[in-house]
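# Structure at a glance
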Amino acid sequence: MKGKVILKKIGIGIITAALLLSQPMQLVYAEEENNPEATEEAADASPEEKTKEQIAAEEAAKKQASYDTPVDTNGLENWPTGPNVYAASAIVMDIDSGAVLYGKQIDEKRYPASITKLLTVLVALENANLTDKITFTDECLNFLEWDDANIGMRVGEEITLEEALYGVLLASANEVSYAVAKNVGENLGIGYDGFIELMNERAQELGCKNSHWVNANGLHDENHYTTAYDMALIASAVYQKEDFQRIEQTLEYKLGKTNLVEEERILDQNHKMLWPENYYYYPYAKAGKTGYTDQSKTTLVTMADNGNMRLAAVVLGDYGVDAYEDTRNMFEYGFGNFRKVMLSEQSKSEDIESFADSNAYIVLPEAVDFTNVDCEIQLSDSDVNNADMATAVYTYQGNIIGKAEVKVSDVYKAKQSAAVTEKKDSKKSTQTGAAKDEEISWKGYLPLIVMGGITVAILFVFLPIWLHLQRKRRKNRRRR
């Protein structure tokens, strides 16, 4: 097919060249394009500045519109109705099974702000030791603006990674986040940029499909974005780390004197749902991270445990303290309307031999029976002959209600082997057919190529003679 297209283009090109050579030459002038700068100036030039009242009214309308946006999971049959929230995107995920209990625009790309630091901490904990030294350089500090969260670290100052993580998680210190990425990256031999690449790779391993990370702290960048679903996966993964839980459950931390600073720095937990005396305190909340930029608006990640289920809630594009109210309402909905369904107690698919974890489960509301659940096997290895383990993804009307690591059966392996063979045969047949089409196409376009060649040859022979006669006629006219 490709050869056929190329031959057609050659033939058309020859004929076009011949026609052009036979026509008198003319000058063509392009029209002037619009001036982008002039367009921007026109857009900025409004008849009158908006008043504070007008701006407030517009914000209120946007907020109400966001609140009125339908919750996607409310459209599932026999699914309990979840609360409306002000957040543009929101999710409640079961941390241990990956089940989505509540979802509103969970795959829409949005700016994360400082909840980025959860991924930074996850990658650091998995690739470094808490006793490793973190040294601050000019590079760790010179990007800070006057209103960027920081704890006043100085060039040449040294602290441990554990101390640094308190600064990252409790105080959301941007310079400390940068220093963690830089030092851990350098210890790995990949530098700061390599650490950022590790963040992207780790996110992909967790199943994140709509995220891209360009820094370690979440300061705004148009190419730095995530989704509520991806962020819930990251939150679920980092919450599995005991060191993360220990640091997060600290409400106040004293960073002692360093090699350059004698005074203690007091680092307070910023997440209001974790403080018992705070109005927004939620007794089941165990960890979380706040975030805000002008572009992202309020972002919030919270992990909660009621003794029966562990849930992660994420809100993106929210409005100040409404993020706490939204999160509380989502948690109450999640804890109050769902149950665990143990997979070992249900009939297995013929594709599954056994579960890697005997306590594996999915999450369902009371009104939904297991017989209405779909299961898809996702191989972690492209070679089916060697892939004994895989991930079973359970869904209800397209919504994920749990995942489990399984040992695949011989029946499944046989089906996959047959599918691979069929795919190879189909590809081979397609390639053979394409080769035959290409061979035929040469024969079909040979007359066109020959005719075009003859035309060009004739023009090159007779065109100079014709031009000479034209010049001679013009000279004769002038002499008359």
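Let me sum up the structure you'll find in this document. Throughout, residues of each chain are indexed from 1 in the direction in which the sequence is written. Thresholds applied to this predicted model are a pLDDT of at least 70 for local features of residues and 80 or more for the giving and counting of side-chain atom pairs; totals over whole chains, interfaces and linings are not thresholded and use all residues. Only hydrogens and water are removed before side-chain values are computed, so all heavy atoms of the structure are retained for them.

### With respect to the overall build of the protein
So the rule is basically this: Numbering of helices and strands runs from the N terminus; a helix is a DSSP stretch of H or I covering at least four residues, while a strand is a stretch of E covering at least two. Any residue under 20% of the maximum accessible area for its type is buried, any over 50% is exposed, and the rest in between are partly exposed; the area is computed with a 1.4 Å probe on protein chains only. It only takes one pair of heavy atoms within 4.5 Å for two residues to be counted as in contact. In short, Shrake-Rupley with a 1.4 Å probe defines the accessible areas, and a residue's cover is counted only from the protein chains shown.
In terms of regular secondary structure, the protein is built from 12 helices and 15 strands. Taking all 480 residues of the protein together, 42% fall into the buried category. At a minimum sequence separation of 6, the contacts of the protein that also span at least 24 residues come to 62%. Counting only carbon and sulfur atoms, one obtains 50% of the accessible surface of the protein, whose full area is about 26,900 Å².

### Comments concerning the packing of helix 7 (residues 174-187) against helix 8 (residues 191-206)
Under the convention used in this document: Only C-alpha atoms enter the line fits that serve as axes; for helices the fit covers just the stretch in contact. Angles between N-to-C directions range over 0 to 180 degrees. Each angle gets one of four labels, with under 35 degrees taken as roughly parallel, over 145 as roughly antiparallel, 65 to 115 as roughly perpendicular, and the rest as oblique. Residues are sorted three ways: Asp, Glu, Lys and Arg are charged, Ala, Val, Leu, Ile, Met, Phe, Trp, Tyr, Cys and Pro are nonpolar, and all the rest, Gly among them, are polar.
Orientation of helix 7 relative to helix 8, taken along the N-to-C sense of each, is 100°, at an axis distance of 7 Å. Between helix 7 and helix 8, the angle falls in the class roughly perpendicular. Residue-level inspection shows Tyr178, Ala181, Lys182, Val184, Gly185 and Glu186 of helix 7 in contact with helix 8, the latter providing Gly191, Tyr192 and Phe195. Considering only residue class, the contact of helix 7 with helix 8 consists of 5 nonpolar, 2 polar and 2 charged.

### Overview of the sheet that holds strand 1 (residues 89-94)
Rule in force here: For two strands to be treated as a pair, DSSP must find no fewer than two bridges joining them.
One open sheet holds the 5 strands; their spatial order is 2-1-9-8-7, and the pairing between them is antiparallel. The sheet is open, and its two borders are formed by strand 2 (100-104) and strand 7 (285-293), each paired with just one other strand. On average, each strand axis in the sheet is inclined to that of its neighbour by 5°, with strand direction left out of account. Sheet topology places strand 8 (residues 297-305) next to strand 9 (residues 310-318); 7 bridges connect them, and they run antiparallel. Bridge pairing in strand 9 places Thr302 opposite Ala313.

### Looking at the layout of surface pockets
What counts is decided by this rule: Both site types are read off a 1 Å grid over the protein atoms alone. A 1.4 Å probe that fits but cannot get out defines a cavity, while an open set with protein on both sides within 12 Å along at least five of seven lines defines a pocket; lining residues have an atom within 4 Å of a point. Grid points are joined across faces, edges and corners, and a volume is the space filled by probe spheres set on the points.
Put simply, the largest pocket is a space of about 1,000 Å³. As for the largest pocket, its lining consists of 39 residues, of which Gly98, Leu206, Tyr229, Leu233 and Lys403 are closest to the centre. Those elements that place two or more of their residues in the lining of the largest pocket are helix 8, helix 9 (228-239), strand 13 (374-379), strand 14 (389-396) and strand 15 (399-408). Grouping the constituent residues of the lining of the largest pocket by class yields 16 nonpolar, 14 polar and 9 charged. Estimates place the volume of the second largest pocket at around 400 Å³. The element that contributes the greatest number of residues to the lining of the second largest pocket is strand 7, accounting for 5 residues.

### Let's talk about the pattern of salt bridges
The test is simple: What makes a salt bridge here is a side-chain nitrogen of Lys or Arg within 4 Å of a carboxyl oxygen of Asp or Glu, nothing more.
Within this structure, the stated rule accounts for 16 salt bridges. We note a salt bridge from Lys182 to Glu186, for which the minimum N-O separation is 2.7 Å. Of this pair, Lys182 and Glu186 both sit in helix 7, 4 residues apart, which is roughly one turn of that helix. Lys407 is the partner of Glu353 in a salt bridge, and the nearest nitrogen-oxygen pair spans 3.7 Å. On the criterion of sequence distance, the pair formed by Glu353 in strand 11 (residues 352-355) and Lys407 in strand 15 is long-range, its members being 54 residues apart. Under the relative-accessibility criterion, Lys407 is labelled partly exposed at 32%. Three or more residues joined by partner-sharing salt bridges are found here, namely Glu126, Arg202, Glu205 and Lys241.

### Structural notes on the side chain of Asn399
As a reminder, the rule being used: Contacts described as polar in this section are N or O atom pairs within 3.5 Å, which, within protein, must combine one atom able to donate a hydrogen with one able to accept it, while residues neighboring in sequence count only if both atoms come from side chains.
Positionally, Asn399 belongs in strand 15. A distance of 2.9 Å separates the side chain of Asn399 from the backbone oxygen of Val100, its partner in a polar contact. Residue contacts for Asn399: discarding those within four places in its chain leaves Thr73, Leu76, Trp79, Val100 and Tyr394.

### A closer look at the nonpolar core
Threshold: To define a nonpolar core, start from buried Ala, Val, Leu, Ile, Met, Phe, Trp, Tyr and Cys residues and group those joined through side-chain atoms within 4.5 Å.
Ile91, Leu118, Phe136, Val176, Phe244 and Met303 are the most contacted members of the largest nonpolar core, which totals 69 residues. Tallying contributions element by element places helix 9 first for this core, with 10 residues. Formed by 50 residues, the second largest nonpolar core is a distinct cluster that contains Met309, Tyr324, Leu343 and Tyr361.

### Topic: the sheet that holds strand 13
An order of 11-15-14-13 is seen for the 4 strands of this open sheet, with the pairing classed as antiparallel. Single-partner strands in this sheet number two, and they are strand 11 and strand 13. Here the strands of the sheet are splayed against their neighbours by 45° on average, with no regard to which way each runs. Pairing geometry for strand 13 and strand 14, over 6 bridges, is antiparallel.

### Brief notes about helix 11 (residues 322-337)
As a reminder, the rule being used: Expected span of a helix: the number of residues minus one, times 1.5 Å.
A rise of 1.5 Å per residue sets the reference length of helix 11, with its 16 residues, at 22 Å; its end C-alpha atoms lie 23 Å apart and thus fit the reference within 8%. Looking at helix 11, one finds that the buried residues are Asp322, Ala323, Tyr324, Asp326, Thr327, Met330, Phe331, Tyr333, Gly334 and Phe335.

### So, unusual backbone geometry
We note that Asn78 has phi near 65°; this positive angle belongs to a residue other than glycine. Here Asn78 lies in the loop between helix 3 (52-68) and strand 1. For Asn78, a relative accessible area of 45% puts it in the partly exposed group. If you check the backbone angles, Gln397 has positive phi at about 50° while not being a glycine. With respect to the helices and strands, the residue Gln397 is situated in the loop between strand 14 and strand 15.

### Remarks on empty space enclosed by the protein
Considering all chains together, one arrives at 1 cavity of 30 Å³ or more under this definition. Its boundaries defined by the atoms lining it, the largest cavity holds a volume of some 30 Å³. Taken together, Tyr111, Pro112, Ala113, Gly218, Leu219, His220, Asp221, His224, Thr293 and Ser296 make up the full set of residues lining the largest cavity. Here the lining of the largest cavity is built from residues that sort into 4 nonpolar, 5 polar and 1 charged.

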